[in-house]
Amino acid sequence: MESIRNILICGAGMMGKNIAFVFSANPEYRITLYDIFPTDVEEGIRTNTRQLVEKEILTEEALTERLSRISFTSDLDSREVRTADLVIEAVFEDMKVKQDTFEALEERLSGDAIFCTNSSVMSPSEISSRLRHRERFVGTHFWNPAHLIPLVEVVMSDATSDDTARTMMEVLASVEKRPVLCRKDVPGFIANRMQHALWREAISIVERGIADAGTVDEAVRYSFGLRLPQLGPMENVDMVGTDLAFNIHDYILADLEDSHQPSAMLRQLKEDGKLGFKTGEGFQTWSEEQKTESAANLNQYLIRMIYGK
């Protein structure tokens, strides 16, 4: 970890900017954002962190100082790119784009640089399949909004070395993230597997007419959802007893949704162009004001949970 000083973020969209801001927490790092499109990095980061400044978690002076360590380039052959010790890719969720990006980077960077993909679903093993030094490739799945949610999943590919994974765990901890190690490259990694298991059951409850979408959300928000930040599922199982958990599962699991395909209801919404916030209607209808309020409330909730403000 001592050798990592220059960090390259490929892709200067919302995730890329937020990841760059995260690494600027460590004054030893110099961060470069690369994108093929011109990007106002400073304006974007200032917009994304506005609530942190308003809540007095981050001063204007501290933000300006952190921004001074972040630069931008659209030149893949620039010195900033070629001298990177660590690369985190945050480009489009397209396998070929990701593979092409890493192949081009491996030709330009030094022999001991570490390569990371921020993909939330795509296999690190497949993304790195065209690289020569696959042992130095690892997944680093930041959760959106990356500057607020502490978790980062460090996902080992079928070739990632233990040293690479360990180094990334240390680097992420050095910028106050909470890295967790996913030892196997499986679809959804750790947290998304659990999240989408919940979504599958939630959608099934609506599809089967057991409750409407708003009621499902209320049921989560005001029951187990309240305790999840403090009491994880495995601790909860031990708390109530593995014998009770077994008896409950013996009774209920046969009735839970276990389809291996997206629900017919979800497919119909997609085909009808009812895409949720994007179109104003999905399982529920959403006005522009409601969409804005939902996003703002999420950030405010995360700030309150993490910083107590």
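Residues numbered from 1 in each chain as written. Predicted model: local features only at pLDDT ≥ 70, side-chain atom pairs only at ≥ 80, totals over all residues. Heavy atoms only, no water.

Examining the layout of surface pockets
Part 1 of the reasoning: Taken as a whole, the second largest pocket holds about 390 Å³ of empty space.
Part 2 of the reasoning: Tallied by class, residues from the lining of the second largest pocket come to 11 nonpolar, two polar and four charged. (1 Å grid on protein atoms, 1.4 Å probe; cavity = no way out; pocket = protein on both sides within 12 Å on 5 of 7 lines; lining within 4 Å. Points joined across faces, edges and corners; volume = space filled by probe spheres on them. Nonpolar A, V, L, I, M, F, W, Y, C, P; charged D, E, K, R; others polar.)

Points about helix 1 (residues 14-23)
Part 1 of the reasoning: Summarising burial for helix 1: nine of the 10 residues are buried, a large majority.
Part 2 of the reasoning: Along helix 1, the residues classified as buried are Met 15, Gly 16, Lys 17, Asn 18, Ile 19, Ala 20, Phe 21, Val 22 and Phe 23. (Buried < 20%, exposed > 50% of the residue type's maximum accessible area, 1.4 Å probe, protein only. Helix = DSSP H or I, 4+ residues; strand = E, 2+ residues; numbered from the N terminus.)

Quick word on the UniProt feature "site: Important for catalytic activity" (unreviewed entry) in the chain
Part 1 of the reasoning: Look at the UniProt record and you will see "site: Important for catalytic activity" (unreviewed entry) annotated at His 141.
Part 2 of the reasoning: The topology assignment puts His 141 in strand 6 (residues 137-142).
Part 3 of the reasoning: Within the local environment of His 141, its side chain forms a polar contact with the side chain of Trp 143, the two groups lying 3.3 Å apart. (UniProt positions renumbered as here; feature names shortened; annotations may be inferred. Polar contact = N/O pair within 3.5 Å; in protein donor to acceptor, adjacent residues only side chain to side chain.)

Things to note about the state of the cysteines
Part 1 of the reasoning: Across all of its chains, the model carries zero disulfides by this definition.
Part 2 of the reasoning: There is no disulfide at Cys 10, and the cysteine sulfur nearest it, in Cys 116, is 11 Å away.
Part 3 of the reasoning: Residue classification places Cys 10 among the buried positions, given a relative accessible area of 1%. (Disulfide = S-S within 2.5 Å.)

Focus on the sheet that holds strand 6
Part 1 of the reasoning: Strand order in this open sheet of eight strands is 3-2-1-4-5-6-7-8, and the pairing throughout is mixed. Strands with a single pairing partner mark the edges of an open sheet, and in this sheet they are strand 3 (70-73) and strand 8 (178-182). Averaged over all pairs of adjacent strands, the angle between their axes in this sheet comes to 25 degrees, without regard to strand direction.
Part 2 of the reasoning: Where helix 6 (residues 95-108) meets the sheet, its contacts fall on strand 1 (6-10), strand 4 (86-89), strand 5 (114-117) and strand 6, and the angle it forms with strand 5 comes to roughly 165 degrees. (Pairing = 2+ DSSP bridges. Axes fitted to C-alpha atoms, helices over the stretch in contact; angles between N-to-C directions. Contact = heavy atoms within 4.5 Å.)

Focus on the UniProt feature "binding site: NAD(+)" (unreviewed entry) in the chain
Part 1 of the reasoning: On the UniProt side, "binding site: NAD(+)" (unreviewed entry) is annotated at positions that read Gly 11, Ala 12, Gly 13, Met 14, Met 15, Gly 16, Asp 35, Glu 93, Lys 98, Ser 120, Asn 144 and Lys 278 here. Sequence-wise these annotated residues cover 268 residues; spatially they are dispersed, their C-alpha atoms as much as 25.3 Å apart.
Part 2 of the reasoning: Along the chain, the position of Asp 35 falls in the loop between strand 2 (30-34) and helix 2 (41-48).
Part 3 of the reasoning: Owing to a relative accessible area of 15%, Asp 35 belongs among the buried residues under this scheme.
Part 4 of the reasoning: Apart from the residues within four sequence positions on either side, Asp 35 is in contact with Gly 11, Ala 12, Gly 13, Phe 72, Thr 73 and Ser 74.
Part 5 of the reasoning: Side-chain polar atoms of Asp 35 contact the backbone nitrogen of Phe 37, separated by 3.0 Å.
Part 6 of the reasoning: The contacts of Ser 120, once residues within four sequence positions are left out, are Glu 93, His 141, Phe 189 and Asn 192.

Some remarks on the domain arrangement of the chain
Part 1 of the reasoning: Parsing the chain into structural domains produces domain 1 (6-182), domain 2 (190-261) and domain 3 (273-308).
Part 2 of the reasoning: Each of domain 2 and domain 3 has a C-alpha centre, and these two points are 22 Å apart.
Part 3 of the reasoning: Counting residues at the interface gives six residues for domain 2, matched by four residues for domain 3.
Part 4 of the reasoning: Looking only at domain 2, the three residues that lose the most surface to domain 3 are Ile 203, Ala 213 and Pro 229, adding up to 68% of its buried area.
Part 5 of the reasoning: The interface formed by domain 2 and domain 3 holds zero residue pairs in polar contact (both at pLDDT 80 or more) in total.
Part 6 of the reasoning: For the side of domain 2 that touches domain 3, the leading source of residues is helix 10 (residues 213-221), giving three residues.
Part 7 of the reasoning: Grouping the constituent residues of the side of domain 2 that touches domain 3 by class yields four nonpolar, one polar and one charged. (Domains from an automatic or database assignment. Buried area = accessible area lost by both parts, 1.4 Å probe.)

Considering the pairing of strand 7 (residues 151-155)
Part 1 of the reasoning: Counting buried residues in strand 7 gives four out of five residues, a clear majority hidden from the surface.
Part 2 of the reasoning: The pairing of strand 6 with strand 7 spans four bridges and is antiparallel. Note that in strand 7 the partner of Gly 139 across the bridge is Val 155.
Part 3 of the reasoning: The sheet contact formed by strand 7 and strand 8 spans five bridges and is parallel. By the bridge assignment, Val 152 is partnered in strand 8 with Pro 179.
Part 4 of the reasoning: Between the parallel pair strand 7 and strand 8, the chain is carried across by helix 8 (residues 162-173), and the sense of this crossover is right-handed. (Right-handed = clockwise from strand over helix to strand, strands pointing away.)

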